[in-house]
Amino acid sequence: MTRSANSSRSAEALPYRVELWHAESHETIERVLARAVTAQLARAIFQAARDEHPQRRITLRKGNRILSDTSS
């Protein structure tokens, strides 16, 4: 299965992001774990990521605004 340019653009347009931060540096995002269209879905993904990576910093973001952060 291949990903088209349209599907990449539409994924980036989803307003919520769940991010996994680098283990040694809390200043660098290692990767975006997921994107979501609704806050409810984003929070469920965030909780699952917390459970999967209990010792890592995970953030839930809408645009530039951090909604939840495991480091706080």
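Everything below is about the structure shown above.
On a predicted model such as this, the values are computed, not experimentally measured, just so you know.

**Quick word on the sheet that holds strand β3 (residues 58-62)**
Here we have four strands laid out as an open sheet, ordered β2-β1-β3-β4, and antiparallel in their pairing. What marks the edges here is a single partner per strand, and that holds for β2 (29-36) and β4 (65-69). The sheet shows a mean angle of 30° between the axes of neighbouring strands, direction not considered. By the bridge criterion, four bridges tie β3 to β4 in an arrangement that is antiparallel. Each bridged residue has a counterpart across the sheet, and for Arg61 the counterpart in β4 is Ile66. Against the sheet, helix α2 (residues 39-52) touches β1 (16-21), β2, β3 and β4, its axis set at about 170° to β3.

**Focus on α2**
Taking 1.5 Å of rise per residue, 14 residues should cover 20 Å, and α2 covers 20 Å from first to last C-alpha, within 8% of that figure. Buried within α2 we find Ala42, Phe46 and Ala49. Viewed along the axis of α2, the buried residues span an arc of 65°, placing them on a single side of the element. Along α2, exposed side chains directed more than 90 degrees from the buried face belong to Gln40 and Asp51. Buried residues along α2 sit in contact with β1, β2, β3 and β4.

Each value, and the rule that gives it
- Residues numbered from 1 in each chain as written.
- Predicted model: local features only at pLDDT ≥ 70, side-chain atom pairs only at ≥ 80, totals over all residues.
- Heavy atoms only, no water.
- Pairing = 2+ DSSP bridges.
- Helix = DSSP H or I, 4+ residues; strand = E, 2+ residues; numbered from the N terminus.
- Axes fitted to C-alpha atoms, helices over the stretch in contact; angles between N-to-C directions.
- Contact = heavy atoms within 4.5 Å.
- Expected span 1.5 Å × (residues − 1).
- Buried < 20%, exposed > 50% of the residue type's maximum accessible area, 1.4 Å probe, protein only.
- Arc of directions from axis to C-beta.

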